[in-house]
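# Structure assessment
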Amino acid sequence: MALIDMASSKSVWRGMEYYKQNKVNSCEPKADGTYEGTVTGNVGDVYHVHLDMEHPKKSNCDCPMANGRKVICKHIVAVSMHVASSEADRFKNEKTIYGSAFLNYVQPVTILLG
Ligand SMILES: [Zn+2]
């Protein structure tokens, strides 16, 4: 199941807003294929997101909604969109071969972001 399917529709829309408002401060790829990102919350708090696109259930965030729970919150969604859009750009630029699972995820996100 793709990460975006595990999030509530509210988290997806809020995450998209966060992404569009550039609330994703940083997003660093790790050697194991996961990402570590930071997102500014709506009261100025900074939340730390661990994003695992391959195993979405292993993703987490230290905000009150997601911390210690298997919940895909809007911060995780925002970081995943940041990753998806930069990976989509790289795909277009370099024609890099990605797994079909990844493309199945990126294409709907790219369409949603217009
Ligand atoms: Zn969160």
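Here the structure is shown first, and the text comes after it.
Rules of the game
Residues numbered from 1 in each chain as written. Predicted model: local features only at pLDDT ≥ 70, side-chain atom pairs only at ≥ 80, totals over all residues. Core = buried A, V, L, I, M, F, W, Y, C linked by C-beta atoms within 7 Å. Buried ≥ 20, exposed ≤ 12 C-beta atoms within 10 Å, placed from the backbone. Helix = DSSP H or I, 4+ residues; strand = E, 2+ residues; numbered from the N terminus. Contact = placed C-beta atoms within 7 Å. Pairing = 2+ DSSP bridges.

Val 39, Val 49, Ile 76, Val 77, Ala 78 and Val 79 are the most contacted members of the largest nonpolar core, which has 23 residues in total. Broken down by secondary-structure element, the contributors of at least two residues to this core are helix H1 (3-6), helix H2 (9-20), strand E3 (46-51) and helix H3 (74-94). When residues of this core are assigned to their parent elements, the largest contribution, seven residues, is made by H3. Filtering out sequence-adjacent residues up to four positions away, Ile 76 remains in contact with Val 49, Leu 51, Ser 59, Cys 61 and Ala 66.

With antiparallel pairing, four strands are arranged side by side in an open sheet as E1-E2-E3-E4. Each edge of the open sheet is held by one strand with a lone partner, namely strand E1 (24-29) and strand E4 (60-61). With five bridges connecting them, E1 and strand E2 (residues 35-40) associate as antiparallel partners. By the bridge assignment, Val 24 is partnered in E2 with Val 39.

Turning our eyes to something else, we now look at unusual backbone geometry. The phi angle at Asn 22 is positive, at roughly 55 degrees, despite the residue not being glycine. Locating Asn 22 in the fold gives a position in the loop between H2 and E1. Residue Asn 22 is classed as exposed on the basis of its C-beta count, with 10 C-beta atoms lying within 10 Å.

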